[in-house]
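Summary of the model geometry
Here is what each chain is made of, one letter per residue.
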Amino acid sequence: MTSLSARALSDLPEVRAGDDLAVLIVDALDGESERSSRPLHDGQIVVIAHKVVSKAEGAVVTLTDVTPSERAQELATEQGKDARAVQVVLDQSTEILRAANGVLISRTHHGFVCANAGVDASNASSKDGTEQDGADEQGKAGGSLILLPRDPDASARGLRARLRDLTGATVAVLVTDSFGRAWRHGQCDVAIGCAGMAPLEDWRGRTDSVGLELRATWIAVADAAASTADLARAKDSREPVVLIEGLERFVTAEDGPGVAALLRPLEEDLFR
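Here the structure is a predicted model, which is why all the values come from computation and not from measurement.

Criteria and cut-off values
- Residues numbered from 1 in each chain as written.
- Predicted model: local features only at pLDDT ≥ 70, side-chain atom pairs only at ≥ 80, totals over all residues.
- Heavy atoms only, no water.
- 1 Å grid on protein atoms, 1.4 Å probe; cavity = no way out; pocket = protein on both sides within 12 Å on 5 of 7 lines; lining within 4 Å.
- Points joined across faces, edges and corners; volume = space filled by probe spheres on them.
- Phe/Tyr/Trp six-rings, centres within 6.5 Å; stacked < 30°, edge-to-face > 60°.
- Helix = DSSP H or I, 4+ residues; strand = E, 2+ residues; numbered from the N terminus.
- Buried < 20%, exposed > 50% of the residue type's maximum accessible area, 1.4 Å probe, protein only.
- Pairing = 2+ DSSP bridges.
- Contact = heavy atoms within 4.5 Å.
- Salt bridge = Lys/Arg side-chain N within 4 Å of Asp/Glu carboxyl O.
- Axes fitted to C-alpha atoms, helices over the stretch in contact; angles between N-to-C directions.
- Polar contact = N/O pair within 3.5 Å; in protein donor to acceptor, adjacent residues only side chain to side chain.

Of the pockets and cavities examined, the second largest pocket occupies roughly 260 Å³. Lining the second largest pocket are Glu 57, Ala 59, Gln 92, His 109, His 110, Leu 147, Leu 148, Pro 149 and Arg 150.

Here it is, written out as structure tokens:
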């Protein structure tokens, strides 16, 4: 690899439940054809913010449809949150690991450890695709909350296959979300779904440039690509799709193990 490039795809419309996201991506690429000489081609990585995947799959909850449990009401009072939003987080979690400073750190059904089970109201819209009014990041008032896709690896595989059918190109697909870090301020995008890409590059047992054996170097390639893509778009740009070139050596013919390969088993969780 001598260079790496990431460019956000413009002209993608507001995504609604039932939309064929792959078709929307290809149509947006066609719209750029006069401005770009780089159509979708083999070896590219298509990085997609999970919110448009979730919207297309209908993974959106309207708060007026939610009845909070007693546990949700207790946590909401403690953390200053909307009890209905807390209930949605509980529904998307296998366990709440910690509640502090208005944030619920949970383990999701997918095995992710993240804030509020990945449930978010930013850039949300109602089930019919119209923009919601009067809801903040906690989903207060009568707004909607976007959930993580039910199976992000399956979503990535489906999108990859559909893009191949539409364009003939063998690309990798990443579905991403922003996660915080326990030891550092700020958030970075990470891969929550992956298809057609080796998510890890294992250097353990190899040697470095001076011949020393590497014992712990295991590069999270999929997460690094996700963060690279996030730098190519602004949070308010409405550009959820980014194309990466330069990582062709990680793109595989098979769908591969997905993000599941990145998740530590519970017995290896040092903070549990």
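As a further point, take the packing of aromatic side chains. What the rule picks out here adds up to 1 aromatic pair. Ring geometry for Phe 112 and Phe 179: centres 6.2 Å apart, planes at 70°, overall edge-to-face. Taken together, the residues span a long stretch of sequence, with Phe 112 in the loop between strand S5 (103–108) and strand S6 (113–115) and Phe 179 in strand S8 (residues 172–181) at a distance of 67 residues. Grouping residues by exposure puts Phe 112 and Phe 179 together as buried.

In terms of burial, strand S2 (residues 45–49) is largely enclosed, as 5 of its 5 residues are buried. Residues Ile 45, Val 47 and Ala 49 of S2 are buried on one face, and the alternating residues Val 46 and Ile 48, pointing to the opposite face, are buried as well. As judged from the 5 bridges shared by S2 and S8, these two strands associate in the parallel manner. In the sheet register, Ile 48 faces S8, and the bridge partner there is Val 175. Where S2 meets strand S12 (residues 241–245), 4 bridges bridge the pair, whose relative direction is antiparallel. Bridged to Ile 45 within S12 is Ile 244.

Buried residues of helix H1 (residues 21–31): Leu 21, Ala 22, Leu 24, Ile 25, Val 26, Ala 28 and Leu 29, and no others. Tucked into the core, H1 has its buried residues touching strand S1 (5–8), S2, helix H2 (50–56), helix H5 (152–167) and S12.

Further remarks concern the pattern of salt bridges. Taken as a whole and judged by the stated rule, the model has 12 salt bridges. Its salt-bridge partner being Arg 71, residue Glu 74 comes within 4.0 Å of it at the nearest N-O pair. Of this pair, Glu 74 and Arg 71 both sit in helix H3 (residues 70–79), 3 residues apart, which is roughly one turn of the helix. Notably, a salt bridge pairs Asp 269 with Arg 107, separated by 3.1 Å at the nearest N-O pair. With a gap of 162 residues between them, Asp 269 in the segment after S12 and Arg 107 in strand S5 connect regions that are remote in the sequence. A relative accessible area of 23% means that Asp 269 is categorised as partly exposed.

Turning next to the pairing of strand S4 (residues 93–100). Across 6 bridges, S4 lies against S5 in antiparallel orientation. Counterpart to Arg 98 in the pairing with S5 is Ile 105. The turn linking S4 back onto S5 is made up of 2 residues, and Asn 101 within it adopts a positive phi angle of 55°.

This next bit is on the sheet that holds S5. The 3 strands are arranged S4-S5-S6 in an open sheet whose pairing can be described as antiparallel. Both edges of this open sheet fall to S4 and S6, since each of them pairs with a single strand only. Here the average twist between neighbouring strands, direction ignored, is 25°. Sheet topology places S5 next to S6; 3 bridges connect them, and they run antiparallel. From the neighbouring strand, Ile 105 faces S6, where its bridge partner is Ala 115.

With respect to topology, 5 strands assemble into an open sheet ordered S1-S12-S2-S8-S9, the strand pairing being mixed. Because the sheet does not close on itself, it has two edges, and the strands there are S1 and strand S9 (184–195). Shown here is a sheet whose adjacent strand axes are inclined to one another by a mean of 30°, direction ignored. Across 9 bridges, S8 lies against S9 in antiparallel orientation. When the sheet's bridge partners are listed, Thr 176 is paired in S9 with Ala 191.

This next bit is on the side chain of His 50. Here His 50 lies in helix H2. When its relative accessible area of 1% is taken as the criterion, His 50 is described as buried. Beyond its immediate chain neighbours, meaning those up to four positions away, His 50 contacts Gly 118, Ile 146, Leu 147, Leu 148, Pro 149, Val 175, Thr 176, Asp 177 and Ile 192.

A few words now on the environment of Asp 189. Along the chain, Asp 189 falls in strand S9. By relative accessible area, Asp 189 is classed as buried at 5%. Sequence-distant contacts of Asp 189, that is, excluding residues within four places in its chain, are made with Thr 176, Asp 177, Ser 178, Asp 223, Ala 226, Ser 227, Asp 230, Arg 233 and Lys 235. There is a polar contact of 3.3 Å between the side chain of Asp 189 and the side chain of Thr 176.

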